[in-house]
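# Structure at a glance
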Amino acid sequence: MSVSDGPASGPEAKGRLAAHGRGATARIVIRREDHIGDRLGFIFLEADGGDHDAIIARLSEYLGPRVRILKAEIGAEQIEIEIGPRRFGAEAARLAEAAQGLRRKGALRNAMAHFKEALALDPLSVAALRGMGALLAAREDYPAAFRILCKAREAGGDSAEVLHDLGRAAAAMERIATAVVYLERACELAPDNLAIRRTLADMGRKPRATVKLKERAGQGPRKREDGR
């Protein structure tokens, strides 16, 4: 199902999108697997024959008032959304960077305030979403961390780091099967990342050995024999 936030379609819709400027729009993907059991997850059950206006309203509520939906392709497993320009993306990125600095210094309360301010400007700032997710996980608020990290994945696409964070949050919530799915996908993207492989091993799954890791294992004894 394809829905949009206005009546225009065909050439009119294309003209409206072009008016925003080339490269100004963005695409995000919301996956059913990230929203099993929550309110947004019901949208996937309405992929065929659902109320278009109600679906757009629910997506808008989820994404926030600063995110304008131009087009939504809704399927049974994922929703692809084209959104309008994000006016304060640069400002949000600077705030997120400052928040990361505060976090490294241990000023966690101030860091959280900066992340919140960044997300108020740009609800889809991946840096702010990941940073807030890490802080929430450190507070052991794993359900909130999981929700924030899902949005980071939606805004920034799949990355080994975000999938690793999601896997650890899911594991802490005792959603082991879900955690393994995220971690195996993270390991596919970064097969030589030892931290991801260790977390996956803790879930009882033996990561597949890679060429690079085999080479390292083979070089280890020789280095010790050489005294290096």
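Here the residue numbers are simple positions, counted from 1 along each chain's written sequence. Residue-level local features of this predicted model are given only where pLDDT is at least 70; pairs of side-chain atoms are given and counted only at 80 or more, and the full residue set underlies all totals for whole chains, interfaces and linings. Processing note: side-chain calculations cover all non-hydrogen atoms of the structure and skip hydrogens and water entirely.

Right, let's talk about the environment of Pro191 for a bit. With respect to the helices and strands, the residue Pro191 is situated in the loop between helix H8 (176–189) and helix H9 (194–202). The buried label goes to any residue with under 20% of its type's maximum accessible area, the exposed label to any with over 50%, and the partly exposed label to all in between, with areas taken from a 1.4 Å probe on protein chains only. For Pro191, a relative accessible area of 28% corresponds to the partly exposed category. Pro191 sits 16 residues away from Pro207 along the chain, and the two C-alpha atoms are 8.4 Å apart. Numbering of helices and strands starts at the N terminus; helices are DSSP runs of H or I of at least 4 residues and strands are runs of E of at least 2.

What follows concerns helix H5 (residues 126–138). One fewer than the residue count of a helix, multiplied by 1.5 Å, yields its expected span. For H5, built from 13 residues, the straight-helix expectation of 18 Å at 1.5 Å per residue is met to within 8% by its first-to-last C-alpha distance of 18 Å. In this analysis, two residues are considered to be in contact whenever any of their non-hydrogen atoms come within 4.5 Å of each other. Elements that come into contact with the buried residues of H5 comprise helix H3 (89–105), helix H4 (108–121) and helix H6 (142–156).

All right, on to the side chain of Asp122 then. Along the polypeptide, Asp122 turns up in the loop between H4 and H5. Any N or O atom pair separated by 3.5 Å or less is treated as a polar contact, with the protein-specific requirement of one donor-capable and one acceptor-capable atom, and with residues adjacent in sequence counted only for side-chain atom pairs. Side-chain polar atoms of Asp122 contact the side chain of Arg86, separated by 2.9 Å. Non-local contacts of Asp122, meaning those with residues more than four positions away in its chain, are made with Arg86, Phe88, Gly89 and Ala92.

Strands are treated as partners if at least two bridges between them are detected by DSSP. In terms of strand pairing, strand S3 (residues 69–74) meets strand S4 (residues 78–83) through five bridges, oriented antiparallel. Bridge pairing in S4 places Lys71 opposite Glu82. Taken together, S3 and the strand that follows it, S4, pair antiparallel across an intervening segment of three residues.

What follows concerns the confidence of the model for the protein chain. Considering every residue of the protein chain, the mean pLDDT works out to 84; 80% of them sit at 70 or more. Every residue gets a pLDDT, meaning the predictor's confidence in that residue, from 0 to 100. When the criterion is pLDDT under 50, residues 6–23 qualifies, and its contacts beyond four places in sequence or with other chains add up to 13 contacts. Predicted confidence is poor over residues 221–228, with pLDDT under 50, and the contacts of this stretch with residues over four places away or in other chains come to one contact.

We now examine the packing of helix H7 (residues 160–172) against H8. Between two packed helices, both the angle of their axes relative to each other and the distance between the axes serve to describe the pair. All axes are obtained by fitting lines to C-alpha atoms, using only the stretch in contact for helices, and the reported angles, taken between N-to-C directions, cover 0 to 180 degrees. Their axes nearest at 8 Å, the elements H7 and H8 cross at an angle of 160°. It follows from the interaxial angle that H7 and H8 lie roughly antiparallel. Between H7 and H8 lies a crossing of left-handed hand. In this structure, H7 contributes Ala160, Leu163, His164, Leu166, Gly167, Ala170 and Ala171 to the contact, and H8 contributes Ile176, Thr178, Ala179, Tyr182, Leu183, Arg185, Ala186 and Leu189. Note on angle classes: values under 35 degrees are labelled roughly parallel, values over 145 roughly antiparallel, values of 65 to 115 roughly perpendicular, and the remainder oblique. Should the near helix be turned anticlockwise from the far one by less than a right angle, the crossing is left-handed, and should it be turned clockwise, the crossing is right-handed.

Opposite charge on two side chains makes pairing possible when the charged atoms of those side chains draw close. Each salt bridge in this description consists of a side-chain nitrogen of Lys or Arg and a carboxyl oxygen of Asp or Glu lying within 4 Å of one another. In this structure the tally under the stated criterion is twelve salt bridges. The shortest N-O distance in the salt bridge between Arg153 and Asp34 comes to 3.0 Å. Taken together, the residues Arg153 in helix H6 and Asp34 in the loop between strand S2 (26–31) and helix H2 (52–63) connect sequence positions 119 residues apart. When its relative accessible area of 1% is taken as the criterion, Arg153 is described as buried. Overall, the relative accessible area of 4% leaves Asp34 in the buried class. With a shortest N-O distance of 3.2 Å, Glu61 and Arg39 are connected by a salt bridge. Of the two residues, Glu61 is situated in helix H2 and Arg39 in the loop between S2 and H2; the sequence distance between them amounts to 22 residues. Through salt bridges with shared partners, a single ionic network connects Arg31, Glu33, Asp34, Arg153, Asp158 and Arg185.

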